[in-house]
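Results of the structural survey
Now for the letters of each chain:
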Amino acid sequence: MTDEASSAAPRAALHEAAAPGLPSVAASSSPSSARLIGLDLARGLAVFGMYSAHVGPDVTVGGPVGFLLETARGRSAALFAVLAGFSLVIITGRPRPRRGRAGRQAAARIALRAVALIALGYALTSLDTDVDVILSYYGLLFLLVLPLYRLRAATLALIATAGALFLPQLLYLIRMLLDDGAWSGIVVAADPLARITGSDGIVELLFTGDYPALTWAPFLIAGMAVARLDLTRPGIRSRLALIAAGLAVTGYGLSWLALRLIPHALSAVAAATDGGSASSAWWSDTVGEPENGMAGAPLAWLLVAAPHSQTTLSVVGNTGVALLVLTGCLAAADRLPRLARAAAPVAAVGTMALTVYVLHIIALWFLNDVWYVAAVEDETMAALPVLLAFIAGALLLAVLWTRRFRRGPLEHLLHTATLPARHIR
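Note that the coordinates shown come from a computational prediction; the quantities given were computed from them, not determined experimentally. (Residues numbered from 1 in each chain as written. Predicted model: local features only at pLDDT ≥ 70, side-chain atom pairs only at ≥ 80, totals over all residues. Heavy atoms only, no water.)

**Some points on helix α16 (residues 312-335)**
Relative to the 34 Å expected for 24 residues at 1.5 Å per residue, α16 spans 34 Å between its end C-alpha atoms, a close match to the ideal helical length. Burial analysis of α16 places 17 of its 24 residues in the buried class, which makes it a mostly covered element. (Helix = DSSP H or I, 4+ residues; strand = E, 2+ residues; numbered from the N terminus. Expected span 1.5 Å × (residues − 1). Buried < 20%, exposed > 50% of the residue type's maximum accessible area, 1.4 Å probe, protein only.)

Structural data, given as structure tokens:
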């Protein structure tokens, strides 16, 4: 297939949904295609959520704008991760996983793409912007969860649940060992990835980074479980929405209750995070850095559900929100054609998420020493026009590009990089 779409591409070319770095593949017009458009719509919303976190304004502006900005913090990245798991299953075979030569080729495609994402992530990190680039973490996560692609939905859901319950606690134990021992330095010194990138390499990607794979893997596995479901069956999406709402209420609700019912929990969290917004630690990223909370109040910090806190409650709550957005977008694409048509530009952004994600980081790097920094740092609404300009630019680029091409430019390069997988026997 070529990169040029047919003359009916804007409305008829429907795309396989994926997180940044996974491809969008044209599909025929059908009910299942409508659901794939819903995934692209969810992915486009996640892109704009990341824009809001990286571009501004600061959430301290308050009001409805501040609330919307705070809602996107961390949860948009979790939505990307859930969609990445869904996309991994699509590539490796849905509803039935590919086997034999086809299965090996699909697995190799994802592995090659993962390596490319790791490299691209470190290249963007070297620009030294204020963005915590997630691509390298995604690359490692694809490699870690790839062996699970043949499992059934129920098995994947059990693994995701177990991961959400136990992996955050394991992460805390490992981080305490990292703080108290010298073995991490030995690992980093022997890690070729650390030497090449000037980072902590695999230790950072697994344990100490902003998106540690140990606690982000459950998001991808949850997405894989959803992809294994037969979404055409009556009531499946309704039950999925109820489960998603239950997860969100459980994660954030238990955190809210625990922080208020357990003596000194709020004060311990506030002291550990230099007086951060401990009262809203059940849902807000303004509570502070997780490493401070882990070190200063390790037991109390387990009660926090802030998006980047790396706790069980945060994983549960964020997964619920991601699945709610996903089911809402699927329903909109399937049942509300007028809304789906109106949101088509957002879905177009979703088809080239990697390209627009990378471009916005490059733009932030270019504007780093210009008026933009002052606009963001004064913690007012001055950055709102900048955010709207970023969103408008992404929409315009995506609409114009998808009128002629099936893939975004970086998506096409990644697709080309995976072509050697065709030679696997």
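Moving on from the model shown.
**Some thoughts on unusual backbone geometry**
A cis amide bond, omega 10°, links Arg-94 with the succeeding residue Pro-95. Here Pro-95 lies in the loop between α4 (75-92) and α5 (100-125). Positive phi, close to 60°, is recorded for Asp-128, a residue that is not glycine. Mapped onto the elements of the fold, Asp-128 is located in the loop between α5 and α6 (135-145). Backbone geometry places Gln-310, a non-glycine residue, at a positive phi of 60°. By the element assignment, Gln-310 lies in the loop between α15 (298-301) and α16.

**Thoughts on the confidence of the model for the chain**
Of all residues in the chain, 85% have pLDDT values of 70 or greater, and the mean over the chain is 85. Least confident of the elements in the chain is helix α1 (residues 9-12), whose mean pLDDT is 34; most confident is helix α11 (residues 213-227), at 97. Scored below 50 in pLDDT, residues 1-18 shows 52 contacts in the model against residues more than four places distant or in partner chains. Contacts from residues 23-31, a stretch scored under 50 in pLDDT, to residues over four places away or in other chains number 28 contacts. (pLDDT = per-residue confidence, 0-100. Contact = heavy atoms within 4.5 Å.)

**Focus: the nonpolar core**
Counting 102 residues, the largest nonpolar core has Tyr-51, Leu-135, Phe-142 and Tyr-357 as the members making the most contacts within it. The element that contributes the greatest number of residues to this core is α4, accounting for 13 residues. Within the second largest apolar cluster, 14 residues are counted, among which are Tyr-172, Ala-278, Trp-301 and Val-304. (Core = buried A, V, L, I, M, F, W, Y, C linked by side-chain atoms within 4.5 Å.)

**Quick word on the environment of Arg-152**
Here Arg-152 is to be found in the loop between α6 and α7 (153-180). Along the backbone, Arg-152 and Arg-228 are 76 residues apart, and their C-alpha atoms lie at a distance of 6.5 Å.

**Looking at the side chain of Thr-327**
Locating Thr-327 in the fold gives a position in helix α16. Reaching out from Thr-327, the side chain makes a polar contact with the backbone oxygen of Leu-324 at a distance of 3.0 Å. Those residues in contact with Thr-327 that lie beyond four places of it in its chain are Arg-237, Leu-240 and Ala-241. (Polar contact = N/O pair within 3.5 Å; in protein donor to acceptor, adjacent residues only side chain to side chain.)

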